[in-house]
Amino acid sequence: MSLASLQQTFESIPDHVNRNAHLVHRGRFLNAQLKISIDSDCWLMEIREGKSTALTQKFPLFQTADLVISASGEAWAALWEKFPKAGWHDIFALHKRGAMRIEGESHVLFAHLQYLKDVLNTPRQFHAA
C-alpha cells in the first residue's frame, strides 16, 4: 500500500467512526487528543464523547496529546489487512514486535482500550482482501 493510500485510509477513520453508533456509544466517556504517525506524517485526532471531532495535520510544534501512537507505513498496512497475519493484527502485537510505539496517559489507553483498538482497526473492514 502506498503512503498516499495509507494517508487516505487513515483520513477516512473519523467518518467511519462517527457513522458507527455502537462505536460512538462505546467511546461516549472518552475526551482525548491522539497524535498518530504513519512514518514521518503526523495527525492530531480529537475525540469528544466517542466522536472524532477533528483530524488535522496542522497543529503547533509542541502540541500535547493524551496518547501518541507511531508506526511505519508497513505496520499500519499490515494492521489494516482484511485478514492480518499473526503478530500484525493488533496494536499491542505491533508494539510487542517493535513496529509500533504507544506513549502517553496509560489511564486513557486502558480505560478505553477496546474503543481505541476498534477505532484504529476501522479501515480493516473497508479494505479489499
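Please refer to the structure higher up on the page.
Keep in mind it's a predicted model, so treat the numbers as computed, not measured.

(A) A look at the sheet that holds strand E4 (residues 67-71). The strand order E3-E2-E1-E4-E5 describes an open sheet built from five strands, whose pairing is mixed. The open sheet terminates on both sides in strands that have one partner only, identified here as strand E3 (51-56) and strand E5 (100-104). Strand after strand, the sheet turns through a mean of 20 degrees between neighbouring axes, direction not considered. Looking at chain direction, strand E1 (residues 31-38) and E4 are connected through five bridges and run parallel. Residue pairing across strands places Ile36 opposite Ile69, the latter belonging to E4.

(B) Geometry of the pairing of E4. Counting buried residues in E4 gives four out of five residues, a clear majority hidden from the surface. Bridge analysis of E4 against E5 gives five bridges, and the strand direction is antiparallel. Within E5, the residue paired with Ser70 across the bridge is Arg101.

(C) Quick peek at the packing of aromatic side chains. Within this structure, the stated rule accounts for three aromatic pairs. Seen from their ring centres, Phe10 and Trp43 are 4.8 Å apart, and the 50 degrees between their planes marks the pair as tilted. Here the residue Phe10 occupies a position in helix H1 (residues 3-11), and Trp43 occupies one in strand E2 (residues 41-48), the gap between them amounting to 33 residues. Neither residue differs from the other here; Phe10 and Trp43 are each classed as buried. With centroids separated by 5.3 Å and ring planes inclined at 35 degrees, the aromatic side chains of Trp76 and Trp80 adopt a geometry described as tilted. Taken individually, Trp76 and Trp80 each receive the classification buried, so the pair is uniform in this respect.

Here is what the cut-offs are and how they apply
- Residues numbered from 1 in each chain as written.
- Predicted model: local features only at pLDDT ≥ 70, side-chain atom pairs only at ≥ 80, totals over all residues.
- Heavy atoms only, no water.
- Pairing = 2+ DSSP bridges.
- Helix = DSSP H or I, 4+ residues; strand = E, 2+ residues; numbered from the N terminus.
- Axes fitted to C-alpha atoms, helices over the stretch in contact; angles between N-to-C directions.
- Buried < 20%, exposed > 50% of the residue type's maximum accessible area, 1.4 Å probe, protein only.
- Phe/Tyr/Trp six-rings, centres within 6.5 Å; stacked < 30°, edge-to-face > 60°.

That's the geometry; what it means functionally is another story.
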